[in-house]
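Architecture and fold: a report
Chain residues, written in single-letter form:
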Amino acid sequence: MKKTLIFFCFLALSTGLTAQLDTIIHDGQARSYILHVPPGYDEDSFHPLVINMHGLGSNAAQQQFYSQFNLVADTADIIVAYPNGLDNTWNIAFDFGVDDVGFIAALIDTLSDMYSIDASRVYATGMSMGGFMSHRLGCQLNDKIAAIASVTGTLAYPGCDPGRPFPVMQIHGTADSTVPYLLVPPTMGVWISQNDCLDTATMDLPDIDTTDQCTVTKSIYSPCDEDVEVVLYTINGGGHTWPGAPIEIGITNYDIDASVEIWNFFRQYVLPEYVGVFAVSEPAGQLHIYPQPAYEGVTLELPDMVNERAEIRIYDLSGRMVYRESQLIRQNIRMKRNGLLPGIYVVEISSAGYHARGKLIFR
């Protein structure tokens, strides 16, 4: 059911007093963000990370409340970061001025050091100017971000060249008076061209809420190179709003929940270079690694394996293999540090009939 709340309640609930602000230093400035860690967080598993950015004049707390992405995160075990732009704005177009691309890159690196984040599944989304910023990150930070989704924000960064096929979702209202819908076709055209998408499938989605004054048309541009998709949700009659939001600040669609649709889009994609590292299906074999964190050597315990030749591979969070050896594997292996620097690593053990994977932390 459509929810109607008074606008000042939105501001009161989302001033930032209800959420802890964390900071990192980038380019000599303190940059703040709110981090949401789901209750199902397990440091022994790798979790997706979503960067969710606010609009012009808004802030991280308001975006957290308005998008309600935490509800999705808690069911899917996603870590969500809500960064603050300096002066409540983002540098969406210029290669001079505030280095927001570098800030988001540094934030991803910082969180990866602090939490068990799946480096193959980092995504960016945002509202309005935060959506514009998502498009820029798709152009320039595609070595860290697997896919982007924008709500009411279009592409403003000139000369966008991600260098690889890149998945993009756009959600936009035809009655948006802040970022006019006429900016959407050129934006979609850039990504369709970049991805060499050949066809379009368009469908009208069910008008579930007949009182919200708008409907949804979904357009899927595919096939594209390397099986990516470009997807557009057109909110017919919709305003400059986030579909499914708990508060109406304009004509808001309730036939879809933007946060749910965004995650369903994101979950299809991983960074191509990580296929076979983080993105492999869950292994059948068991692998226990202790102590964690380790300072010198560690013990690898494989209760399912007895006297079998296998290969041990260790990857850092960039996906680079930093250690490899083949040996006769028994149920317990004592492995030395072998010069590995402090950090988080992925350990894989494979043989003809056995595959296991686990996380290793060296301090």
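Quick caveat, the model's predicted, so the values are computed rather than measured. (Residues numbered from 1 in each chain as written. Predicted model: local features only at pLDDT ≥ 70, side-chain atom pairs only at ≥ 80, totals over all residues. Heavy atoms only, no water.)

A closer look at the packing of aromatic side chains
- Evaluation of the coordinates by the stated rule reveals eight aromatic pairs.
- Linked through ring pairs, Tyr-123, Trp-263, Phe-265, Phe-266 and Tyr-269 together constitute an aromatic cluster.
- One Lys or Arg, Arg-31, reaches over the ring of Phe-103 and ends 3.9 Å from the middle of that ring. (Phe/Tyr/Trp six-rings, centres within 6.5 Å; stacked < 30°, edge-to-face > 60°. Lys NZ or Arg CZ within 6 Å of the ring centre and 35° of its normal.)

As for the confidence of the model for the protein chain
- In this model, the protein chain carries an average pLDDT of 88, and 89% of its residues clear a pLDDT of 70 or more.
- Contacts for the low-pLDDT stretch residues 1-17, under 50 throughout, to residues beyond four places or in other chains number 27 contacts.
- For the stretch residues 279-284, pLDDT sits under 50, and the model shows 14 contacts to residues farther than four places along the chain or on other chains. (pLDDT = per-residue confidence, 0-100. Contact = heavy atoms within 4.5 Å.)

Some points on the packing of helix α4 (residues 100-114) against helix α5 (residues 129-140)
- Where α4 meets α5, the closest approach of the two axes is 10 Å, and the angle between their N-to-C directions is 80 degrees. As far as their axial angle goes, α5 and α4 are roughly perpendicular. Residues Asp-100, Val-101 and Ile-104 of α4 touch α5, and the partners they reach there are Met-133, Arg-136, Leu-137 and Gln-140.
- Classifying every residue of the contact of α4 with α5 gives four nonpolar, one polar and two charged. (Axes fitted to C-alpha atoms, helices over the stretch in contact; angles between N-to-C directions. Helix = DSSP H or I, 4+ residues; strand = E, 2+ residues; numbered from the N terminus. Parallel < 35°, antiparallel > 145°, perpendicular 65-115°, else oblique. Nonpolar A, V, L, I, M, F, W, Y, C, P; charged D, E, K, R; others polar.)

Remarks on the sheet that holds strand β16 (residues 343-350)
- Taken in spatial order, the four strands make up an open sheet running β14-β13-β16-β17, and their pairing is antiparallel. Either end of the sheet is taken by a strand with one partner, and the two such strands are β14 (321-329) and β17 (355-362). This sheet shows a mean twist of 20 degrees between the axes of neighbouring strands, independent of strand direction.
- Where strand β13 (residues 308-315) lies against β16, five bridges are found, and the strand directions are antiparallel. Opposite Tyr-315, over in β16, you have Val-346 as the bridge partner. (Pairing = 2+ DSSP bridges.)

A look at the nonpolar core
- Of all hydrophobic cores here, the largest spans 81 residues; its most connected members are Leu-49, Ile-51, Ile-104, Leu-137, Ile-145, Ile-262 and Phe-266.
- Sorting elements by how many residues they give to this core places α4 first, with seven residues.
- Contact partners of Leu-137, with chain neighbours within four places excluded, come to Met-53, Val-101, Ile-104, Ala-124, Asn-142 and Ile-145.
- Within the second largest apolar cluster, 20 residues are counted, among which are Ala-294, Leu-300, Ile-349 and Leu-360. (Core = buried A, V, L, I, M, F, W, Y, C linked by side-chain atoms within 4.5 Å. Buried < 20%, exposed > 50% of the residue type's maximum accessible area, 1.4 Å probe, protein only.)

Quick notes on the environment of Tyr-290
- Tracing the chain through its elements places Tyr-290 in strand β11 (residues 288-290).
- Between the alpha carbons of Tyr-290 and Leu-300 there is a distance of 6.9 Å; along the sequence they are 10 residues apart.
- Excluding its chain neighbours within four sequence positions, the residues that come into contact with Tyr-290 are Val-298, Thr-299, Glu-301 and Asn-332.
- At a separation of 3.4 Å, a polar atom in the side chain of Tyr-290 contacts the side chain of Glu-301. (Polar contact = N/O pair within 3.5 Å; in protein donor to acceptor, adjacent residues only side chain to side chain.)

Some remarks on α5
- Between the first and last C-alpha of α5 there are 16 Å, a value that for 12 residues agrees with the 16 Å anticipated at 1.5 Å per step.
- Summarising burial for α5: 11 of the 12 residues are buried, a large majority.
- Those residues of α5 that sit buried are Met-129, Gly-130, Gly-131, Phe-132, Met-133, Ser-134, His-135, Arg-136, Leu-137, Gly-138 and Cys-139.
- Where α5 is buried, its residues contact β3 (47-53), α4, β5 (117-127), β6 (147-151), β7 (168-173) and α6 (184-195). (Expected span 1.5 Å × (residues − 1).)

What to know about a negative patch on the surface
- Together, Asp-196, Asp-225, Glu-226 and Asp-227 make up a region of like negative charge exposed at the surface.
- Structurally, the position occupied by Glu-226 is in the loop between β9 (215-221) and β10 (230-236).
- Taking relative accessible area as the criterion, Glu-226 reaches 57% and is therefore assigned exposed. (Patch = residues over 30% accessible without salt bridge, like charges linked within 9 Å, V, L, I, M, F, W, Y side chains within 5 Å. Areas by Shrake-Rupley, 256 points an atom, 1.4 Å probe, with all protein chains shown as cover. Salt bridge = Lys/Arg side-chain N within 4 Å of Asp/Glu carboxyl O. Lys, Arg positive; Asp, Glu negative; His and termini not counted. Charge placed at Lys NZ, Arg CZ, Asp CG, Glu CD.)

Re the pattern of salt bridges
- Inspection of the entire model under this criterion finds seven salt bridges.
- Measuring nitrogen to oxygen at the nearest pair gives 2.9 Å for the salt bridge that ties Arg-31 to Asp-100. Of this pair, Arg-31 sits in strand β2 (residues 29-36) while Asp-100 sits in helix α4, and the two are 69 residues apart along the sequence.
- Judged by its relative accessible area of 2%, Arg-31 is buried.

What to know about the pairing of β6
- Counting buried positions along β6 gives five out of five residues, so the element sits mostly inside the fold.
- Across the two faces of β6 the burial is the same, with Ala-147, Ala-149 and Val-151 and Ile-148 and Ser-150 all buried.
- Where β5 meets β6, five bridges bridge the pair, whose relative direction is parallel. Each residue of the ladder has a partner; that of Ala-124, found in β6, is Ile-148.
- Of the crossover connections in this fold, the one passing from β5 over α5 to the parallel β6 is right-handed.
- As defined by bridge partners, β6 adjoins β7 across four bridges and the pair is classed as parallel. (Right-handed = clockwise from strand over helix to strand, strands pointing away.)

Remarks on the environment of Pro-342
- Along the chain, Pro-342 turns up in the loop between β15 (332-335) and β16.
- A relative accessible area of 58% places Pro-342 in the exposed class.
- Separated by 49 residues in the primary sequence, Pro-342 and Pro-293 have C-alpha atoms spaced 9.6 Å apart.
- Those residues in contact with Pro-342, other than ones at most four positions away along the chain, are Arg-337, Phe-362 and Arg-363.

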